[in-house]
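Summary of structural features
Chain by chain, the residues:
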Amino acid sequence: MTESGASPEDPWVKVEYAYSDNSLDPDDEDSDYHQEAYKESYKDRRRRAHTQAEQKRRDAIKRGYDDLQTIVPTCQQQDFSIGSQKLSKAIVLQKTIDYIQFLHKEKKKQEEEVSTLRKDVTALKIMKVNYEQIVKAHQDNPHEGEDQVSDQVKFNVFQGIMDSLFQSFNASISVTSFQELSACVFNWIEEHCKPQTLREIVIGVLNQLKNQLY
């Protein structure tokens, strides 16, 4: 049954009837298909991007370990305990740590040596200044020190004093026993090593040397 006044053959009725059924709309089916295809493509792109990022990270880590094996000398040395096997990451890291600690010790040792050398340089600079002052003083007074006595004269004075003291020591000391020796030594010191006695000995020795020199 159709509405009154409208014939089934009416073209407007056909158009309205055709668009009243959504299942017959071909555009809706294409839209769902393209939307689903877009969703799957987005997931694939995310998965592919994640895989690529993970691969880059692993490649970077591998290059890092390869660089460590190239830089660290102990990683290049043959380890007979593992033969010709490739070094594991744990061994590479441990050898790297050991090498860094070795470098720290060497650095500290070199810093101590540098500090010692700096002190030596400072001491040499002070000596240089002192010698320059001595040379300058000698240049300003070239005849100064010509009247100074030689080391031989000083030794002769010392020898004369010791000879005089030994003569009195040998005449006063008895070696019969250790007790007697000890007593004689103290008596000799009290008698012959008084300031006045020593002064007289020194004056006598100096007068003798003066007579010999002049």
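Computed from a prediction, not measured in an experiment: that's the story for all the values here.

1. Let's talk about the overall build of the chain
- Each helix and strand counted, the chain has 7 helices and 0 strands in total.
- When the elements of the chain are put in sequence order from the N terminus, they spell out α-α-α-α-α-α-α.
- Looking at the 214 residues of the chain, the share that counts as buried comes to 10%.

2. Section: a nonpolar patch on the surface
- Taken together, the side chains of L124, M127, Y131 and I134 define a hydrophobic patch exposed on the protein surface, amounting to about 440 Å² of accessible area.
- One can find Y131 in helix α4 (residues 89-140).
- By relative accessible area, Y131 is classed as exposed at 53%.

3. A closer look at the nonpolar core
- Listed in full, the 9 residues of the largest apolar core are V157, I161, L165, I173, C184, W188, I201, V205 and L209.
- Ignoring anything within four residues of it in the chain, the contact list for V205 reads N156, V157, G160 and I161.
- By size, the runner-up hydrophobic cluster in this structure holds 5 residues, among which are Y65, C75, L87 and V92.

4. Quick word on the UniProt feature "coiled-coil region" (unreviewed entry) in the chain
- UniProt feature "coiled-coil region" (unreviewed entry): in the numbering of this structure it lies at residues 100-127.
- With 100% helix and 0% strand, residues 100-127 has its two end C-alpha atoms placed 41 Å apart.

5. Some remarks on the packing of aromatic side chains
- In total, this model carries 2 aromatic pairs according to the counting rule given.
- Centre to centre, the rings of F169 and W188 are 5.0 Å apart; their planes meet at 85°, and the pair counts as edge-to-face. Residue F169 is found in helix α5 (residues 151-172), and its partner W188 is found in helix α6 (residues 178-192); the two are separated by 19 residues along the sequence.
- Exposure remark for W188: the relative accessible area of 11% places this residue in the buried category.

6. Details of α5
- The first and last C-alpha atoms of α5 sit 32 Å apart over 22 residues, in line with the 32 Å expected at 1.5 Å per residue.
- Buried within α5 we find V153, V157, G160, I161, L165 and S168. Seen from one end, α5 has its buried residues packed into an arc of 115°, which puts them on one side. Opposite the buried face of α5, at more than 90 degrees from it, the exposed residues are D151, F158 and N170.

7. Looking at the pattern of salt bridges
- All chains considered together, the criterion is met by 6 salt bridges.
- With its nearest N and O atoms 2.6 Å apart, the salt bridge here joins E54 to R57. Of this pair, E54 and R57 both sit in helix α2 (residues 26-71), 3 residues apart, which is roughly one turn of that helix.
- The partner of K62 in a salt bridge is D66, and the shortest N-O contact between them spans 3.1 Å. Taken together, the positions of K62 and D66, both in helix α2 and 4 residues apart, correspond to about one turn of that helix.
- Overall, K62 belongs to the partly exposed group, its relative accessible area being 46%.

What counts, and where the lines are drawn
Residues numbered from 1 in each chain as written. Predicted model: local features only at pLDDT ≥ 70, side-chain atom pairs only at ≥ 80, totals over all residues. Heavy atoms only, no water. Helix = DSSP H or I, 4+ residues; strand = E, 2+ residues; numbered from the N terminus. Buried < 20%, exposed > 50% of the residue type's maximum accessible area, 1.4 Å probe, protein only. Patch = residues over 30% accessible without salt bridge, like charges linked within 9 Å, V, L, I, M, F, W, Y side chains within 5 Å. Areas by Shrake-Rupley, 256 points an atom, 1.4 Å probe, with all protein chains shown as cover. Salt bridge = Lys/Arg side-chain N within 4 Å of Asp/Glu carboxyl O. Core = buried A, V, L, I, M, F, W, Y, C linked by side-chain atoms within 4.5 Å. Contact = heavy atoms within 4.5 Å. UniProt positions renumbered as here; feature names shortened; annotations may be inferred. Phe/Tyr/Trp six-rings, centres within 6.5 Å; stacked < 30°, edge-to-face > 60°. Expected span 1.5 Å × (residues − 1). Arc of directions from axis to C-beta.

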